[in-house]
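Next come the chains, spelled out residue by residue.
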Amino acid sequence: MIRRVALLALAALLLVATAGQAQAAGYRYWSFWDRDGGQWVYATQGPSTARPSDGDVQGFRFSVSEDSGDAAQPRGTADFTSICAKTPAKDGSKRVALVLDFGTAADAPSGETPPPPRTACARVSPDATTADTLATVADPLRYNTNALLCAIGDYPKSGCGEQVSDKQQPRNESAPPEEATTADDDGGPSVGLIAGAAAIAALATAATWQARRRRNATR
């Protein structure tokens, strides 16, 4: 009985370790953003369906993240006025400012170097989508069969939203990398570790109780 409990405890420990590894996984992809009142907001539509208005600012950032909640925003403070200063308005068209952030070396696929961030002002037809707008200033673009944007300006040259086993924290080039931690966002121990520790403690207590019961039964 003690041996069985010990094996169960070991299995629980391995389960906790596996859960910790799963939490570290992220995805390498281009995220899509809208500038709203000077702040970046994660876009609610994809580039192929979103239709920006004249004077809008939209951004793209290549990075590794788990989801939209921790995705890295495009860097820089350029606004529509500064980006489109040299592109005059024209009847029958609209102007859209684009911020293209190719990310950091830490988030780049193996063997690739991210180009420097840049901005562009696209003058397109009034009904143009963001995808149409992007194609006029950052060709070639690459999409997968599910219409997921895989590459802007031929970066990266391969891959599309692939999972990264050891999540890299998106960060600015000028900022030092943050040390990995087993704590949740609030600074406390993770729920998985607490649950695992509790399970192991319970199994250990059961083993002790069973051992005492067997000894008492043989007296």
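Data block above holds the structure.
Values in this document were obtained by computation on a predicted structure and should not be read as measured data. Each chain carries its own residue numbering, running from 1 in the direction its sequence is written. Note on the predicted model: pLDDT of at least 70 is required for a residue's local features to be given, and 80 or more for side-chain atom pairs to be given and counted; whole-chain, interface and lining totals, by contrast, use all residues. With hydrogens and water stripped out, all remaining heavy atoms of the structure feed into the side-chain values.

A.B. asks: Would you mind showing me how to read the nonpolar core here?
C.D. replies: A general feature of soluble globular proteins is that nonpolar side chains tend to end up buried together. Throughout, nonpolar core names a set of buried Ala, Val, Leu, Ile, Met, Phe, Trp, Tyr and Cys residues whose side chains join them through atoms within 4.5 Å. Three exposure classes are used, based on accessible area relative to the maximum for each residue type with a 1.4 Å probe and protein chains only: buried under 20%, partly exposed in between, and exposed over 50%. Core analysis: the largest hydrophobic core is formed by 17 residues, its most contacted members being Trp 30, Phe 60, Leu 100, Leu 134 and Ile 152. Element by element, the count of residues in this core is highest for strand E4 (residues 94–101), at three residues. By the convention used here, residues are in contact when the closest approach between their heavy atoms is within 4.5 Å. Excluding its chain neighbours within four sequence positions, the residues that come into contact with Ile 152 are Trp 30, Phe 60, Leu 100, Phe 102, Leu 134, Ala 138, Pro 140 and Leu 141. Core analysis: the next-biggest nonpolar cluster, separate from the first, contains 11 residues, Val 57, Ile 83, Cys 84 and Cys 121 among them. A run of H or I in DSSP counts as a helix once it spans at least four residues, and a run of E counts as a strand once it spans at least two, with each numbered from the N terminus.

A.B. asks: Help me understand empty space enclosed by the protein in this model?
C.D. replies: To find leftover empty space, one rolls a probe the size of a water molecule over the atoms. The way it works is a 1 Å grid over only the protein atoms, where trapped points that fit a 1.4 Å probe form a cavity and open points with protein on both sides within 12 Å along at least five of seven lines form a pocket, and then any residue with an atom within 4 Å of a point lines it. Grid points are joined across faces, edges and corners, and a volume is the space filled by probe spheres set on the points. Evaluated as defined, the whole model comprises one cavity of 30 Å³ or more. Considered as a void within the structure, the largest cavity measures approximately 40 Å³ in volume. Surrounding the largest cavity, Arg 28, Tyr 29, Trp 30, Phe 62, Leu 149, Cys 150, Pro 156, Ser 158, Gly 159, Cys 160, Gly 161 and Glu 162 form its lining. Of all the elements in the fold, those that place two or more residues in the lining of the largest cavity are strand E1 (26–36) and strand E7 (149–151). The element contributing the most residues to the lining of the largest cavity is E1, with three residues. Partitioning the lining of the largest cavity into residue classes produces seven nonpolar, three polar and two charged. Here the nonpolar group is Ala, Val, Leu, Ile, Met, Phe, Trp, Tyr, Cys and Pro; Asp, Glu, Lys and Arg are the charged ones; every other residue, Gly included, is treated as polar.

A.B. asks: Would you take a moment to explain the pattern of salt bridges for this structure?
C.D. replies: Two side chains of opposite charge can pair, provided their charged atoms sit close to one another. Salt bridges are defined as contacts in which a side-chain nitrogen from Lys or Arg sits within 4 Å of a carboxyl oxygen from Asp or Glu. Taken as a whole and judged by the stated rule, the model has four salt bridges. The residue Arg 28 makes a salt bridge to Glu 162 at a minimum N-O spacing of 3.2 Å. Taken together, the positions of Arg 28 in strand E1 and Glu 162 in the loop between E7 and strand E8 (163–164) put the pair 134 residues apart, joining distant regions of the chain. With a closest N to O distance of 3.7 Å, Asp 101 and Arg 61 form a salt bridge. Of this pair, Asp 101 sits in strand E4 while Arg 61 sits in strand E3 (residues 57–65), placing them 40 residues apart in sequence. For Asp 101, a relative accessible area of 0% gives the class buried.

A.B. asks: In this structure, what is going on with the packing of aromatic side chains? I would like to understand it.
C.D. replies: Think of a pair of aromatic rings as described by two things: how far the centres are apart, and how the planes are tilted against each other in angle. Here is the rule: rings of Phe, Tyr and Trp (six-membered ring for Trp) pair when centre to centre is within 6.5 Å. Planes less than 30 degrees apart are stacked, more than 60 are edge-to-face, and the remainder are tilted. In total, this model carries six aromatic pairs according to the counting rule given. Relative to Phe 102, the ring of Trp 30 has its centre 5.4 Å away and its plane inclined at 85°; by these criteria the two rings are edge-to-face. With a gap of 72 residues between them, Trp 30 in strand E1 and Phe 102 in the loop between E4 and strand E5 (118–124) connect regions that are remote in the sequence. Across the pair, Phe 102 and Trp 30 agree in class, each one buried. The interplanar angle of 75° and the centroid separation of 5.1 Å between the aromatic rings of Trp 33 and Tyr 42 together place this pair among those described as edge-to-face. Judged by relative accessible area, which is 3%, Trp 33 ranks as buried. Judged by its relative accessible area of 28%, Tyr 42 falls in the partly exposed class. Taken together, the ring pairs in this structure connect Trp 30, Phe 62, Phe 102 and Tyr 155 into an aromatic cluster. Note on geometry: a ring has a charge over it if NZ (lysine) or CZ (arginine) is within 6 Å of the ring centre and within 35 degrees of the ring normal. For the cation-ring pair, Arg 35 lies above Trp 40, with the distance from its terminal atom to the ring centre recorded as 4.2 Å.

A.B. asks: Just checking my understanding: could you explain the pairing of strand E2 (residues 39–42) for this structure?
C.D. replies: On a regular strand, one side chain projects to one face of the sheet and the next to the other, so that they alternate. For E1 and E2, the ladder comprises four bridges, and the chain directions are antiparallel. When the bridges of E2 are listed, Arg 35 appears paired with Trp 40. Connecting E1 to the next strand, E2, in antiparallel fashion are two residues, including Gly 37 with a positive phi near 60°. Whether two strands pair depends on DSSP finding at least two bridges between them.

A.B. asks: When you look at the layout of surface pockets in this model, what are you seeing that I'm missing?
C.D. replies: Empty space within the second largest pocket amounts to approximately 210 Å³. Taken together, 15 residues make up the lining of the second largest pocket; nearest its centre are Trp 30, Phe 32, Gly 46, Pro 47 and Leu 148. In terms of residue count, the dominant contributor to the lining of the second largest pocket is E1 (four residues). Here the residues of the lining of the second largest pocket are counted per class, giving 11 nonpolar, four polar and no charged.

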